[in-house]
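# Structure at a glance
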Amino acid sequence: MAQDTADSVRFDAHGIEPIPDHGRDSTPWEQFWIWSGANIAPINWVLGALGVTLGLSLVETLAVVALGNLAGCAVFGLCNVMGHRTGVNQMVLGRASFGRRGAKVPGVVQGLLAMAWVGVNTWVVLDLMLAALRQLGIEGGPWLRYIVAGVIMAVQLWLALYGFYAIRTFEKYTVPVTVLVMVVMTTLALSRAKVDWTSSTAASVPDKVTAVTQLLTAIGVGWGVTWVPYSADYSRFVRRGASSRSVFWASALGMYLPTVWLAALGACLASAGGSSDPSALVVSAFGSMALPVLLLIMHGPIATNILNLYSSSLAALTVGVKVARWKLTLFAGVVASVVLLTLMEAESFAHAFDNWMTFILIWISPWAAIVLIDYFVLRRGRLDVSSLYTGTAAVNWRGLLSLGLGVFAAWTWQYGLTPVMQGPLATAMNHTDFSWLSGSLVAGGLYYLLQKTRSPEARAIEADR
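Keep in mind the model is a prediction, meaning the values are calculated, not measured.

### Focus: the pattern of salt bridges
- For the structure on display, the rule yields six salt bridges.
- The shortest N-O distance in the salt bridge between E30 and K172 comes to 3.5 Å. Of the two residues, E30 is situated in helix α2 (residues 28-39) and K172 in helix α9 (residues 164-192); the sequence distance between them amounts to 142 residues.
- With a relative accessible area of 33%, K172 lands in the partly exposed category.
- It is possible to trace a salt-bridge network through shared partners that takes in D25, E30, R168 and K172.

### Section: the nonpolar core
- The biggest cluster of nonpolar side chains holds 100 residues, and the ones touching the most others in it are W35, F98, W223, W227, Y234, L307 and W367.
- Looking at this core element by element, the count peaks at 12 residues for helix α7 (residues 104-135).
- Setting aside its immediate chain neighbours within four residues, W227 contacts W35, A38, N39, F76, M255, T304, L307 and N308.
- Counting residues in hydrophobic clusters, the runner-up holds 13 residues, among them F32, W45, L262 and L265.

### Some points on the packing of aromatic side chains
- A complete count under the given rule lists 18 aromatic pairs for this structure.
- When the ring of W29 is compared with that of F32, the centres are 5.0 Å apart and the planes differ by 5°; the resulting orientation is stacked. Of the two residues, W29 and F32 both sit in helix α2, three residues apart, roughly one turn of that helix.
- With relative accessibility at 13%, the residue F32 sits in the buried group.
- Summarising the aromatic geometry, the rings of W35 and Y234 are spaced 5.5 Å apart at their centres and angled 85° between planes, so their arrangement reads as edge-to-face. Taken together, the residues W35 in helix α2 and Y234 in helix α12 (residues 232-235) connect sequence positions 199 residues apart. Each member of the pair, W35 as well as Y234, is classed as buried.
- One aromatic cluster is present, built from ring pairs that chain together W35, F76, F164, Y165, W227, Y230, Y234, F237 and Y310.
- Above the plane of the ring of Y389 lies R95, whose end atom (NZ or CZ) is 5.8 Å from the centre.

Reading the values: the criteria
Residues numbered from 1 in each chain as written. Predicted model: local features only at pLDDT ≥ 70, side-chain atom pairs only at ≥ 80, totals over all residues. Heavy atoms only, no water. Salt bridge = Lys/Arg side-chain N within 4 Å of Asp/Glu carboxyl O. Helix = DSSP H or I, 4+ residues; strand = E, 2+ residues; numbered from the N terminus. Buried < 20%, exposed > 50% of the residue type's maximum accessible area, 1.4 Å probe, protein only. Core = buried A, V, L, I, M, F, W, Y, C linked by side-chain atoms within 4.5 Å. Contact = heavy atoms within 4.5 Å. Phe/Tyr/Trp six-rings, centres within 6.5 Å; stacked < 30°, edge-to-face > 60°. Lys NZ or Arg CZ within 6 Å of the ring centre and 35° of its normal.

Below, the structure written as structure tokens:
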């Protein structure tokens, strides 16, 4: 048993090469804990509360969150299957669609976004930690925020530096305890809150449709899709003998259950007149019990951030950066700290985060559509892994063209908080936001048509390069 424990926290020296069989000792159940831990985070309260803020009733908000995540988490589960079958991380798998050099474009974007996500999530941890300190009577002034932020970032970096095996162990042993705390927390919160099920401020049908589309982008379909570029980074460690079905369900449910659960809790508290700020939600709902709850639920954002730090380093390696993974993880921490400082000065975190979600979906949704269609439809799940690493550094211009037009299509139906993120279709159609849908359909459909019109001989040559 002692040897098993030591092995589980050994240093992860793997880069972006396929994981050898002796390194693939994870189980689908461990994948469930990884993705549950990443999503048992108060940030989902903010997004659940956003539905009520946008004008929907509690019932309408719960329906959008529950149904939307069925689609988003299913897409996420399919990408986990890709990682398990190949043993390859997600951004390298993208080389099949874009070519070895062409895949550097989404690799750069994903690396930067993963670093920025750390800053976004750390803001939530910082908010909760400061609330916990206030409960203890500690008011350190503005400098306390920066000291606490530095400590939190250091803890996250320490775990991420060790890589997958440390991440797996951390999630495996901390998430079950956190789930129990969340059960108690949910029971206490709902017993004290005066939940309003039917009141809404969006009176007209067009206004409700607008609110539904914006909520789908933030915490419905959009939430699962934003995790797609990370998925195979962890499922590549699942032992070969596990079934694709078990990998799909473990990862999809690991994403779905905590996301819907916490978004529903945030919506319930918001309907009762609570704030959308995470710490304010806790303090108002739990009173004297807020301190232990605040301390325990800080686990969620940290569990999310260690995934972001690890995956950002893999994205950089995919681009061709010749630096050890752990050094890239340290660099990611620096970038994330800059993002954190920016968010600490924002007037409204909920609005800033909504703007952030809208921005990242316009590239992830078309990219995910291309990767999934290439692997499951065009290749029918059969991929020569060696071709991802060897041969000429080709660029598949069909893939990049489809991605570019997909991003443009997503932008046209995107409605963010700043004018540059408000596309003409979204503006003309009462501020609706179908960016994830328009981007996916245009990019995926165009890629399919362009690839199918090529001769079988040309496709075979490209596959060998």
